[in-house]
Amino acid sequence: MVLHEVTFRELYEAAMALQLATIEGAAQRATDAMIAALEENVARTAQALGDSSAVAELDSEFHSLIGKASGNRVLQLAREPSDLLVYLTTKMILSKVPEGPARLLEAHRRMLDALRRRDLEAGRLWARRHLNDWRKGFERAGNDLDQPIDSLYLRAAPTSSS
């Protein structure tokens, strides 16, 4: 199955294309209700900074909300297959890179601010910076960009002694 062969580099490249497209759509079409949902997500992220699992879940939710705010269901559907891999790698990065949660929160705040202002360029800039941080965090956590992601979790999984 192809999913078992996906490398972080491939995931990063796909995420960059999809995230830039969704942030552009969101900057043009986000409703007041979607902005409010993103604000609430950012507030909860700020409260959860000490819990890498919670921050990873909130990160996933934040990007899903941006996808919805884009108003493009095809982009939302395109993101779904990779969302689990993004979540797993983000959770691993946040647990191993101490400054990761705070940097993630700052990027989300900047992206949200860009959406509030309908600033397409700032949205793109911060989405790109956020994804580049994710890649750098993956490497700082001691991982190879070209290693299949599932092998990282097989290696880290606890073994049963039964």
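Residues numbered from 1 in each chain as written. Predicted model: local features only at pLDDT ≥ 70, side-chain atom pairs only at ≥ 80, totals over all residues. Heavy atoms only, no water.

A. Structural detail: the packing of helix H2 (residues 32-47) against helix H5 (residues 100-117). Close contact between H2 and H5 brings their axes to 10 Å; oriented N to C, the two are set at 160°. Classed by the angle they form, the pair H2 and H5 counts as roughly antiparallel. When you trace H2 past H5, the crossing you get is left-handed. On H5, the residues that touch Ile35, Leu38, Glu39, Asn41, Val42, Thr45 and Ala46 of H2 are Leu104, Leu105, His108, Arg109, Leu112, Leu115 and Arg116. For the contact of H2 with H5, a count of residues per class yields eight nonpolar, three polar and three charged. (Axes fitted to C-alpha atoms, helices over the stretch in contact; angles between N-to-C directions. Helix = DSSP H or I, 4+ residues; strand = E, 2+ residues; numbered from the N terminus. Parallel < 35°, antiparallel > 145°, perpendicular 65-115°, else oblique. Left-handed = near helix turned anticlockwise from the far one by under 90°. Contact = heavy atoms within 4.5 Å. Nonpolar A, V, L, I, M, F, W, Y, C, P; charged D, E, K, R; others polar.)

B. Just the pattern of salt bridges, in detail. Taken as a whole, this structure holds 13 salt bridges when the rule is applied. Two residues, Glu40 and Arg44, come together in a salt bridge whose shortest N-O distance is 2.6 Å. You can see Glu40 and its partner Arg44 sitting in helix H2, four residues apart, about one turn around the helix. For the salt bridge of Asp83 with Arg79, the shortest nitrogen-to-oxygen distance reads 3.3 Å. Of the two residues, Asp83 and Arg79 both sit in helix H4 (residues 73-96), four residues apart, roughly one turn of that helix. Overall, the relative accessible area of 22% leaves Asp83 in the partly exposed class. Because the salt bridges share partners, they merge into one network encompassing Glu24, Glu121 and Arg124. (Salt bridge = Lys/Arg side-chain N within 4 Å of Asp/Glu carboxyl O. Buried < 20%, exposed > 50% of the residue type's maximum accessible area, 1.4 Å probe, protein only.)

C. Molecular detail of H2. Across its 16 residues, H2 extends 23 Å between first and last C-alpha, which sits within 8% of the 22 Å expected from 1.5 Å per residue. Looking only at H2, the buried set comprises Met34, Ile35, Leu38, Asn41, Val42 and Thr45. Projection of H2 onto a plane perpendicular to its axis shows the buried side chains occupying an angular sector of 120°, all on one side. Residues of H2 that are exposed and angled more than 90 degrees away from the buried face: Asp32, Ala33 and Gln47. (Expected span 1.5 Å × (residues − 1). Arc of directions from axis to C-beta.)

D. Structural context of the environment of Gln19. Following the sequence through the fold, Gln19 ends up in helix H1 (residues 8-29). Ignoring anything within four residues of it in the chain, the contact list for Gln19 reads His63, Ile66, Met111, Ala127 and Leu131.

E. Expanded view of unusual backbone geometry. Positive phi outside glycine occurs at Arg118, with the angle close to 60°. Mapped onto the elements, Arg118 comes out in the loop between H5 and helix H6 (120-140).

F. Representation of the packing of aromatic side chains within the structure. A full pass over the atoms with the stated rule returns two aromatic pairs. Above the plane of the ring of Tyr12 lies Arg135, whose end atom (NZ or CZ) is 5.5 Å from the centre. (Phe/Tyr/Trp six-rings, centres within 6.5 Å; stacked < 30°, edge-to-face > 60°. Lys NZ or Arg CZ within 6 Å of the ring centre and 35° of its normal.)

G. Region of interest: the nonpolar core. Within the largest apolar cluster, 37 residues are counted, with the highest numbers of intra-cluster contacts made by Phe8, Leu38, Ile66, Met111, Leu115, Trp134 and Phe138. The set of elements that each furnish at least two residues to this core consists of H1, H2, helix H3 (52-69), H4, H5, H6 and helix H7 (149-156). Top contributing element to this core by residue count: H1, with nine residues. Sequence-distant contacts of Leu115, that is, excluding residues within four places in its chain, are made with Ile23, Ala26, Ala27, Ile35, Leu38 and Ile66. In terms of nonpolar packing, the next biggest core, distinct from the first, is built from eight residues, Ala48, Val55, Ala56 and Leu104 among them. (Core = buried A, V, L, I, M, F, W, Y, C linked by side-chain atoms within 4.5 Å.)

H. The arrangement of H6 in detail. For H6, spanning 21 residues, the distance from its first C-alpha to its last is 30 Å, which sits close to the expected 30 Å at 1.5 Å a residue. Three or more residues of H6 are buried, namely Ala122, Gly123, Arg124, Trp126, Ala127, His130, Leu131, Trp134, Gly137 and Phe138. Looking one or two residues past H6, Gly142 carries a phi angle of roughly 90°, positive in sign.

Everything listed is a geometric property; what it means functionally is a separate question.
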